[in-house]
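Coordinates in review
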Amino acid sequence: VKDLPEVFYLLGVSRARSGKHNEAITALRKAVELAPDNAGYLKELGSLLSSAARYEEAVAPYRKAAELDPKDFESKVGLGLVLFESGKYDEGLRFLMEADRMKPGNEIVNMFLSVARARQQNVPQLEQMKDYAEKNPNDLQVKMSIVQLLGYSRRIDEAEPFIE
């Protein structure tokens, strides 16, 4: 019975590789339930949830994996990514910068840092952009930018007035 969490973990990995992501997530959730302090299981669950664009759900397993193994580079990167994809730019940047200190110059981390910083800077300008779009209804570029920023900040429900 002590090997049961490993069985669910391997089932989850197998299902993920065969493209059955929902089954994989279910199996990995069971592995985590049975072995809640296994950073590897948590990281794999976070990764699968992130791959399925279920960023908010991926935060908890990645966060716990990073707490259990604070020196794990992939957990820091994964947590930073899902936080900024969830619209939590400041916290996401913090973890991405930690990962950058662990492996300076890593191209993937640098790319994520660049995207997170750009979003962090642009999202606060949404209200100004909305005002501009209202006064300039033919400016499709600003409308596209607004919709994109609303999507990034997980506020897509506000985008309808700018979609034509």
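Cut-offs and rules
Residues numbered from 1 in each chain as written. Predicted model: local features only at pLDDT ≥ 70, side-chain atom pairs only at ≥ 80, totals over all residues. Heavy atoms only, no water. Helix = DSSP H or I, 4+ residues; strand = E, 2+ residues; numbered from the N terminus. Expected span 1.5 Å × (residues − 1). Buried < 20%, exposed > 50% of the residue type's maximum accessible area, 1.4 Å probe, protein only. Contact = heavy atoms within 4.5 Å. Phe/Tyr/Trp six-rings, centres within 6.5 Å; stacked < 30°, edge-to-face > 60°. Lys NZ or Arg CZ within 6 Å of the ring centre and 35° of its normal. Polar contact = N/O pair within 3.5 Å; in protein donor to acceptor, adjacent residues only side chain to side chain. Axes fitted to C-alpha atoms, helices over the stretch in contact; angles between N-to-C directions. Parallel < 35°, antiparallel > 145°, perpendicular 65-115°, else oblique. Left-handed = near helix turned anticlockwise from the far one by under 90°. Nonpolar A, V, L, I, M, F, W, Y, C, P; charged D, E, K, R; others polar.

Some words on helix H5 (residues 73–85)
- In this model H5 runs 18 Å from its N-terminal to its C-terminal C-alpha over 13 residues, within 8% of the 18 Å that 1.5 Å per residue would give.
- The element H5 is extensively covered by neighbouring structure, given that twelve of its 13 residues are classed as buried.
- Among the residues making up H5, those that are buried are Phe73, Ser75, Lys76, Val77, Gly78, Leu79, Gly80, Leu81, Val82, Leu83, Phe84 and Glu85.
- For H5, the secondary structure elements touched by its buried residues are helix H3 (39–51), helix H4 (55–68), helix H6 (89–102), helix H7 (107–122) and helix H9 (140–152).
- Backbone geometry just after H5 places glycine 87 at a positive phi near 85°.

Details of the packing of aromatic side chains
- Inspection of the entire model under this criterion finds two aromatic pairs.
- Their ring planes at 20° and their centres at 4.9 Å tell us that tyrosine 9 and tyrosine 41 sit as a pair that is stacked. In this pair, tyrosine 9 is assigned in helix H1 (residues 4–17) and tyrosine 41 in helix H3, connecting sequence segments 32 residues apart. Each member of the pair, tyrosine 9 together with tyrosine 41, is buried.
- Note that lysine 103 overlies the ring of phenylalanine 73, its terminal NZ or CZ placed 4.5 Å from the centroid.

Focus: the environment of aspartate 139
- Inspection of the secondary structure puts aspartate 139 in the loop between helix H8 (126–135) and H9.
- Residue aspartate 139 is classed as partly exposed on the basis of its relative accessible area of 22%.
- Expressed as a C-alpha distance, the spacing of aspartate 139 and leucine 42, which sit 97 residues apart in the sequence, is 45 Å.
- At a separation of 3.2 Å, a polar atom in the side chain of aspartate 139 contacts the main-chain amide nitrogen of glutamine 141.
- Within polar-contact distance, the side chain of aspartate 139 engages the backbone nitrogen of valine 142 at 3.1 Å.

Quick word on the packing of H3 against H4
- In the contact formed by H3 and H4, the axes pass within 8 Å of each other and the chain directions differ by 155°. Our classification of the angle between H3 and H4 gives roughly antiparallel. The two elements H3 and H4 cross, and the hand of that crossing is left-handed. On the side of H3, the interface is formed by Ala39, Leu42, Lys43, Leu45, Gly46, Ser47, Leu49 and Ser50, while H4 contributes Tyr55, Glu57, Ala58, Pro61, Tyr62, Lys64, Ala65 and Leu68.
- Split into classes, the residues belonging to the contact of H3 with H4 amount to ten nonpolar, three polar and three charged.

Some thoughts on unusual backbone geometry
- Even without being glycine, alanine 53 reaches a positive phi, approximately 60°.
- When you line up the elements, alanine 53 lands in the loop between H3 and H4.

A look at the environment of lysine 43
- Tracing the backbone shows lysine 43 in helix H3.
- Since its relative accessible area comes to 21%, lysine 43 is described here as partly exposed.
- On a C-alpha basis, the gap between lysine 43 and asparagine 122 in space is 30 Å, while along the polypeptide they are 79 residues apart.
- Beyond its immediate chain neighbours, meaning those up to four positions away, lysine 43 contacts Tyr62, Ala65, Asp72, Glu74 and Ser75.

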